[in-house]
Amino acid sequence: MTDKIDRCRLVLVTPDIADAAELARLTGDALRGGDVASVIIPQHDLDEKSFQKRCEALVPVIQAAGAAALVAGDSRVAGRVRTDGLHIEVGPTAMAEAVQKYAPGLIVGGGNARERHSALSIGEAQPDYVIFGSIDGDIKPEPHSKNSALAEWWADMIEIPCLLMGGTSIAFVDEMAQTRAEFIAFSKAVFHDPANAARIVAEINAVLDEKAPRFGP
């Protein structure tokens, strides 16, 4: 999740498509649409063997596009597929253990903090980023208002980057960027129409280029 651009960057969350090769093709198509900082690969309901097969198909495609591949949840699979990082939606103790065990060799982030105290407690572990909202939380068009408020508060107070999970519509990209979150994430909003995934990524980046606040040095 390196920040090579001086404004908010896009993160993608891969959908649950059974055919690993097809999912890799679709993800590669989306990545051709423009700048993507990283791609998070959720396990969904897969067993470990099937999840590893999915990650083996996805990780090289993501890395070849210049994005970081982040495996969600399963540290064993993350190690086997040579991913760039581990996304874990856990509390402060588990986050501290993961950072101690896997960083700095891997990017380690996540948390899904629901309020300020838990966010600060997760932040004490010094993860690479903290997420507000769950990667499967895109159930409404807009991001959850509480998550947006937390991201805005965090970005103003804390140096650790934050990631704000979006909803099922990209109509709220500008609103999300105005929180000054370093990253915004989408899944259904990008992948609901596979043929247009690259165009949607391009549209998100165009809005960010035009309207997202610029970060200082």
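Our structure's up above, just so we're on the same page.
This text gives an overview of the structure that appears in the document. (Residues numbered from 1 in each chain as written. Predicted model: local features only at pLDDT ≥ 70, side-chain atom pairs only at ≥ 80, totals over all residues. Heavy atoms only, no water.)

**Description of the overall build of the chain**
Piece 1. Summing up its helical and strand segments, the chain has nine helices and eight strands in all.
Piece 2. Here the C-alpha atoms of the chain give a radius of gyration of 16 Å, agreeing with the 17 Å that 2.2 N^0.38 yields for 217 residues.
Piece 3. Structurally, the chain occupies a C-alpha span of about 40 × 40 × 30 Å along its principal axes.
Piece 4. With 217 residues in all, the chain has 51% of them scored as buried.
Piece 5. The contacts in the chain between residues at least 6 apart in sequence include a share of 60% that link residues at least 24 apart.
Piece 6. Total accessible area on the chain is roughly 9900 Å²; 51% of this is exposed by carbon and sulfur atoms.
Piece 7. For the chain, the distance from the average position of its 21 positive side-chain charges to the average position of its 31 negative side-chain charges is 3 Å. (Helix = DSSP H or I, 4+ residues; strand = E, 2+ residues; numbered from the N terminus. Rg over C-alpha atoms; globule rule 2.2 N^0.38 Å. Buried < 20%, exposed > 50% of the residue type's maximum accessible area, 1.4 Å probe, protein only. Contact = heavy atoms within 4.5 Å. Areas by Shrake-Rupley, 256 points an atom, 1.4 Å probe, with all protein chains shown as cover. Lys, Arg positive; Asp, Glu negative; His and termini not counted. Charge placed at Lys NZ, Arg CZ, Asp CG, Glu CD.)

**What about the packing of aromatic side chains?**
Piece 1. With the rule as written, the count across this model stands at two aromatic pairs.
Piece 2. An angle of 70 degrees between the planes, with centres 5.9 Å apart, marks the rings of Trp 153 and Trp 154 as edge-to-face.
Piece 3. Judged by relative accessible area, which is 12%, Trp 153 ranks as buried.
Piece 4. One aromatic cluster is present, built from ring pairs that chain together Phe 132, Trp 153 and Trp 154. (Phe/Tyr/Trp six-rings, centres within 6.5 Å; stacked < 30°, edge-to-face > 60°.)

**Here's the deal with helix H4 (residues 92–102)**
Piece 1. Buried within H4 are the following residues: Met 95, Ala 98 and Val 99. Viewed along the axis of H4, the buried residues span an arc of 100 degrees, placing them on a single side of the element. Residues of H4 that are exposed and point over 90 degrees away from its buried face: Thr 93, Glu 97, Gln 100 and Lys 101. (Arc of directions from axis to C-beta.)

**A few points about the nonpolar core**
Piece 1. Formed by 56 residues in total, the largest nonpolar core has its most connected members in Leu 12, Phe 132, Phe 186 and Val 190.
Piece 2. Those residues in contact with Phe 132 that sit more than four places away from it in its chain are Ala 113, Ala 119, Asn 147, Leu 150, Ala 151, Trp 154, Cys 162, Leu 163, Leu 164 and Met 165.
Piece 3. Core analysis: the second largest hydrophobic core is formed by 15 residues, Val 13, Ala 37, Ile 40 and Leu 70 among them. (Core = buried A, V, L, I, M, F, W, Y, C linked by side-chain atoms within 4.5 Å.)

**Side note on the packing of helix H1 (residues 20–31) against helix H2 (residues 48–64)**
Piece 1. Put simply, H1 and H2 touch, their axes get as near as 9 Å, and they point 25 degrees apart. Between H1 and H2, the crossing angle belongs to the class labelled roughly parallel. Where H1 crosses over H2, the two elements pack in a sense that is right-handed. Between H1 and H2, the residues in contact are Ala 20, Leu 23, Ala 24, Thr 27, Gly 28 and Leu 31 and Lys 53, Arg 54, Ala 57, Leu 58, Val 61 and Ile 62, respectively.
Piece 2. Grouping the amino acids of the contact of H1 with H2 by side-chain chemistry returns eight nonpolar, two polar and two charged. (Axes fitted to C-alpha atoms, helices over the stretch in contact; angles between N-to-C directions. Parallel < 35°, antiparallel > 145°, perpendicular 65-115°, else oblique. Left-handed = near helix turned anticlockwise from the far one by under 90°. Nonpolar A, V, L, I, M, F, W, Y, C, P; charged D, E, K, R; others polar.)

**Some details on the environment of Ala 94**
Piece 1. The residue Ala 94 is located in helix H4 in this model.
Piece 2. Using a relative accessible area of 34% as the deciding quantity, one classes Ala 94 as partly exposed.
Piece 3. Residues Ala 94 and Gly 111 lie 17 residues apart in sequence; the distance between their C-alpha atoms is 9.3 Å.

**Regarding the side chain of Asp 74**
Piece 1. Its place among the elements puts Asp 74 in the loop between strand E3 (68–72) and helix H3 (75–80).
Piece 2. Asp 74 gets classed as buried once you look at its relative accessible area, which sits at 6%.
Piece 3. Polar contacts involving the side chain of Asp 74 include one to the main-chain amide nitrogen of Val 77, which spans 3.1 Å.
Piece 4. Residues within four places of Asp 74 in sequence aside, it is in contact with Gln 43, Glu 48, Phe 51 and Leu 86. (Polar contact = N/O pair within 3.5 Å; in protein donor to acceptor, adjacent residues only side chain to side chain.)

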